[in-house]
Amino acid sequence: MSWLIWRQHRLAVLASLLLLVAVAVPLVISGLAMRSGYDQLGLAACAGHSDPRCLDLLGQFSDQYRGWGQQLLPWLNFVPVLFGALVGAPLVAREIEQRTYLLAWTQGVTRRRWLAAKVTALALVVVLLGAGFTALITWWRWPLDQLEGHFAPTVYDFEGLMPTAYTLFAFVLGTFVGVVLRRTVPAMGTLLAAFFVIRYLLVEVLLRPRFEAPLSTTLRASAARPTILAGAGNWETDGGFQDAVGRRLTADEVNRLARQAIDAGLSPNAWFQQHGYLRWLTYQPADRFWTFQVVEAAIFLGLSALLVAVTFRLIRRAA
Amino acid sequence: MSDAGRSALVASGLGRRFGRLWALRDCSFELPEGSIAALVGPNGAGKTTLLTLTIGLAEPTAGRVELFGRRMSGRDGAALAEIGFVAQDHPLYRGFTVAELLRMGRALNRRWDEALARQRLERLEIPLRRRAGTLSGGQQAQVCLALALAKRPRLLVLDEPLASLDPLARREFLDAVSQSVRSEHLTVVFSSHVVTELEQVCDHLMVLSRGRLRVAGPIGQLLRAAPSGWGVERLVLDELRPGSEVPG
């Protein structure tokens, strides 16, 4: 059946590869520039330090390249779900839409075996696409990872197991939605919305910060706001000011006090310092990165397995 | 009729419901091996529903279908191997060439007679290199038939095979069907909402109306029981008369 699967899905696979290439071109160009900048400034020696000279060099590097990471990367969140939309959504939906299921499901192979062969082969393809995408971004981010780690959500989503897990999940979700809606384009649209809700709102915002209880610490109020260097690869989940007895201030209070400081002619940080306030932080330490990755990948693998099971049940009655 | 007594197809108490609506209800009949049956009825009578249950494309809500003594189910690969199906409007992968469609058949069937399909298509002068989407409706129907026959089925099921064909293509298609029935010992069921064209090829008649089977049996027997001088068309029309419905 592998010939048939290739023949039917080669356009989707080629379009996915094209998407990967389209993403790769700007990443390779800026990645090469970023690496040479990193070497020229001698930033390797600065990883983990925060002496003034290093802070200055880091500032230069950040000005030049950090914007890339912040502006380009969020858009790449769409790549896994686009792989899923291209390969998964039409898998069954197009057969129903074009009525070719009448041909496919009346041959000598049961619908279950037909679906199993397709899902297995194409899952392998999307896993490879996801892994390729991960390798690309990890290569590109290497200098930034050296300086700021890879635990912050804007990076975490693109390294380790996540892009591959997201891609597999998007593929399975696309197939499922295609069986339910029986039309390719509505299935693609619904997949996009459902993927956003599950992957971002449900898992990233709601669940991920709770995988393990965050640690907290306090810093002098006048400490420079934790820079990409001071972060040392931790994921800062929350932060603010607290008073001398350890009560955390609300945003309104902080604003009011900051205005008071400015009226007194002081910088807010210096004023907070003088009046005995501390800066508090909660964070997930860098060494939890792989624990988090494994937990989240397991969640998406579990959801994918569940969706596959439901899809197999539904396809029995799809005609 | 050969092999009288051995049944190719037995339906008992067959029914299928969509929501609260029964598309087909209480349908029971037997079709002997080697017969060619016409399933006739107005649009929406439940013909396609009955055919999809017969070929295991859908599972019945009630009752069962037996094919050569074996319960038909879409989950049974061996049962699927016994049927050849040509769907209404003969859907094909439009981007596939005819040769690729044959390769698909080979990939999806353990029993596959490639030579048979190639000979048929060659005789009809349908080039293997052509994409299915560029073929005429009649040619597409013939490709579908060739794919169905190359499975070497024992039951051939055709859903409104003539509806979208012009008169010449209809004639050719019917010729092709009756020829292969003679040479390959097939049982055939085909549906139509036009009666006249079936008379020349069929020996069995089933009339379906509003989800119920009104009459089923050998045409000769049905005509003998009918007033003298009646033809098949008159017989069917009489069964479909509004007043003739069986209560319940």
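The rules behind the values
- Residues numbered from 1 in each chain as written.
- Chains lettered and ligands numbered in written order.
- Predicted model: local features only at pLDDT ≥ 70, side-chain atom pairs only at ≥ 80, totals over all residues.
- Heavy atoms only, no water.
- Helix = DSSP H or I, 4+ residues; strand = E, 2+ residues; numbered from the N terminus.
- Buried < 20%, exposed > 50% of the residue type's maximum accessible area, 1.4 Å probe, protein only.
- Contact = heavy atoms within 4.5 Å.
- Areas by Shrake-Rupley, 256 points an atom, 1.4 Å probe, with all protein chains shown as cover.
- Rg over C-alpha atoms; globule rule 2.2 N^0.38 Å.
- 1 Å grid on protein atoms, 1.4 Å probe; cavity = no way out; pocket = protein on both sides within 12 Å on 5 of 7 lines; lining within 4 Å.
- Points joined across faces, edges and corners; volume = space filled by probe spheres on them.
- Nonpolar A, V, L, I, M, F, W, Y, C, P; charged D, E, K, R; others polar.
- Pairing = 2+ DSSP bridges.
- Axes fitted to C-alpha atoms, helices over the stretch in contact; angles between N-to-C directions.
- Domains from an automatic or database assignment.
- Phe/Tyr/Trp six-rings, centres within 6.5 Å; stacked < 30°, edge-to-face > 60°.
- Salt bridge = Lys/Arg side-chain N within 4 Å of Asp/Glu carboxyl O.
- Buried area = accessible area lost by both parts, 1.4 Å probe.
- Polar contact = N/O pair within 3.5 Å; in protein donor to acceptor, adjacent residues only side chain to side chain.
- Patch = residues over 30% accessible without salt bridge, like charges linked within 9 Å, V, L, I, M, F, W, Y side chains within 5 Å.

### As for the overall build of chain A
Thought 1: Helix and strand counts for chain A stand at 12 helices and 3 strands.
Thought 2: For chain A, the spread of C-alpha atoms along the principal axes amounts to about 80 × 45 × 30 Å.
Thought 3: When the 319 residues of chain A are sorted by exposure, 47% land in the buried category.
Thought 4: For chain A, restricting intrachain contacts to residue pairs at least 6 apart in sequence, the fraction spanning at least 24 positions comes to 81%.
Thought 5: Put simply, chain A shows about 14900 Å² of open surface, and 64% of that area lies on carbon and sulfur atoms.

### Description of the overall build of chain B
Thought 1: A count of helical and extended segments in chain B gives 8 helices and 10 strands.
Thought 2: Taken over C-alpha atoms, the radius of gyration comes to 18 Å for chain B, in line with the 18 Å a tight globule of 248 residues would show.
Thought 3: With respect to the principal axes defined by its C-alpha atoms, chain B has extents near 55 × 40 × 35 Å.
Thought 4: Every one of the 248 residues in chain B was classed for burial, and the buried ones make up 54%.
Thought 5: For chain B, the proportion of contacts with a sequence separation of at least 24, taken over those separated by at least 6, is 68%.
Thought 6: Accessible surface, chain B as shown: approximately 11100 Å² in total, 47% of it carbon and sulfur.

### So, empty space enclosed by the protein
Thought 1: Counting across every chain of the model gives 3 cavities of 30 Å³ or more.
Thought 2: When its volume is computed, the largest cavity comes out at roughly 70 Å³.
Thought 3: Every residue lining the largest cavity is listed: Arg111, Arg112, Ile315 and Arg316 of chain A together with Gly56, Glu59, Gly74 and Arg75 of chain B.
Thought 4: Of the residues that constitute the lining of the largest cavity, the class distribution is 1 nonpolar, 2 polar and 5 charged.
Thought 5: Size it by volume and the second largest cavity reaches roughly 50 Å³.
Thought 6: Looking at the second largest cavity, the residues that line it are Val119, Phe171, Val172, Thr175, Val308 and Thr311 of chain A.
Thought 7: Taken together, the elements giving at least two residues each to the lining of the second largest cavity come down to helix H8 (162–181) and helix H12 (289–315) of chain A.
Thought 8: Ranked by residues supplied to the lining of the second largest cavity, first place goes to H8 of chain A with 3 residues.
Thought 9: The residue inventory of the lining of the second largest cavity, partitioned by class, reads 4 nonpolar, 2 polar and no charged.

### A short note on the sheet that holds strand E1 (residues 215–220) of chain A
All names here are of chain A.
Thought 1: In spatial order, the strands read E1-E3-E2; together these 3 strands make up an open sheet with antiparallel pairing. With one partner strand each, in any of the chains shown, E1 and strand E2 (235–242) form the two edges of the open sheet. The mean angle between the axes of side-by-side strands here comes to 25°, regardless of whether they run parallel or antiparallel.

### Topic: the domain arrangement of chain A
Thought 1: For chain A, the assigned domains read domain 1 (2–211 + 289–317) and domain 2 (215–286).
Thought 2: On a C-alpha basis, the centres of domain 1 of chain A and domain 2 of chain A stand 36 Å from each other.

### A look at the packing of aromatic side chains
Residues and elements named next belong to chain A.
Thought 1: Following the criterion strictly, the structure yields 25 aromatic pairs over all chains and no others.
Thought 2: Ring centres of Phe133 and Phe158 lie 6.3 Å apart, and the angle between their planes is 70°; this geometry places the pair in the edge-to-face category. With Phe133 in helix H6 (residues 111–148) and Phe158 in the loop between helix H7 (153–156) and H8, this residue pair connects regions lying 25 residues apart in the sequence.
Thought 3: In this structure Phe133 comes out as buried when scored by relative accessible area, which is 0%.
Thought 4: Both rings, one in Phe241 and one in Phe272, keep their centres 4.2 Å apart while their planes meet at 15°; by these two values the pair is stacked. One end of the pair, Phe241, is in strand E2; the other, Phe272, is in helix H11 (residues 268–274), and 31 residues separate them in sequence.
Thought 5: Looking at Phe241, the relative accessible area reads 9%, which means it is buried.

### A look at the pattern of salt bridges
Residues and elements named next belong to chain B.
Thought 1: Enumeration according to the criterion identifies 24 salt bridges over all chains in this entry.
Thought 2: Residue Asp26 is joined to Arg212 by a salt bridge in which the shortest nitrogen-to-oxygen separation is 3.7 Å. Of this pair, Asp26 sits in strand E2 (residues 21–32) while Arg212 sits in strand E10 (residues 212–218); the two residues are 186 residues apart in sequence, bridging distant segments of the chain.

### Describing the sheet that holds E2 of chain B
The pairing of strands in a sheet happens through backbone hydrogen bonds and is either parallel or antiparallel.
Thought 1: Sheet architecture is open: 4 strands sit in the order E2-E1-E4-E5 (chain B), paired in antiparallel fashion. Among the strands making up the open sheet, the edge pair consists of E2 and strand E5 (70–71) of chain B.

### Overview of the interface of chain B and chain A
Thought 1: With 32 residues of chain B at the interface, the matching set in chain A holds 25 residues.
Thought 2: Both sides together, the interface formed by chain B and chain A hides about 2500 Å², and carbon and sulfur atoms give 62% of it.
Thought 3: Remark: the boundary between chain B and chain A carries 1 salt bridge.
Thought 4: Of the charged contacts, one joins Arg7 of chain A and Glu100 of chain B as a salt bridge, the two residues approaching to 2.9 Å between their closest N and O atoms.
Thought 5: Counting every contact that joins chain B to chain A gives 11 residue pairs in polar contact (both at pLDDT 80 or more).

### Regarding helix H9 (residues 184–207) of chain A
Thought 1: Taken residue by residue, H9 of chain A has Thr184, Ala187, Leu191, Phe195, Ile198, Arg199, Val203 and Glu204 of chain A as its buried positions.
Thought 2: Elements in contact with the buried residues of H9 of chain A: helix H3 (78–87), helix H4 (90–97), H7, H8 and H12 of chain A.

### Comments concerning the environment of Thr138 of chain A
Residues and elements named next belong to chain A.
Thought 1: Locating Thr138 in the fold gives a position in helix H6.
Thought 2: Each C-alpha atom of the pair Thr138 and Glu159 lies 6.0 Å from the other, and the pair is 21 residues apart in sequence.
Thought 3: The residues touching Thr138, leaving out its near neighbours within four places in the chain, are Phe158 and Glu159.
Thought 4: Within the local environment of Thr138, its side chain forms a polar contact with the backbone oxygen of Thr134, the two atoms lying 2.6 Å apart.

### Quick notes on a nonpolar patch on the surface
Thought 1: A grouping of Phe196, Val197, Tyr200, Leu201, Leu202, Val205, Leu206 and Leu207 of chain A is seen on the molecular surface, where their side chains present a nonpolar patch of about 660 Å² in accessible area.
Thought 2: The class of Leu202 of chain A is partly exposed, set by a relative accessible area of 42%.

### Considering the pairing of strand E8 (residues 187–192) of chain B
All names here are of chain B.
Thought 1: Taken across its 6 residues, E8 has 6 buried, putting it largely inside the fold.
Thought 2: Of the two faces of E8, the one holding Thr187, Val189 and Ser191 and the one holding Val188, Phe190 and Ser192 are both buried throughout.
Thought 3: The sheet contact formed by strand E3 (residues 36–40) and E8 spans 5 bridges and is parallel. Bridged to Leu39 within E8 is Ser191.
Thought 4: Two elements, strand E7 (residues 155–158) and E8, share 4 bridges in a ladder whose sense is parallel. Bridging from a neighbouring strand, Leu156 pairs with Val188 of E8.

### A closer look at the environment of Phe151 of chain A
Residues and elements named next belong to chain A.
Thought 1: Checked against the element boundaries, Phe151 lands in the loop between H6 and H7.
Thought 2: Among the residues examined, Phe151 registers a relative accessible area of 1% and is labelled buried.
Thought 3: Considered as a pair, Phe151 and Gln293 are 142 residues apart in the sequence and their alpha carbons are 9.7 Å apart.
Thought 4: With near-sequence residues (within four places) excluded, Phe151 lies in contact with Tyr156, Gly233, Asn234, Trp235, Gln284, Pro285, Ala286, Arg288, Phe289 and Phe292.

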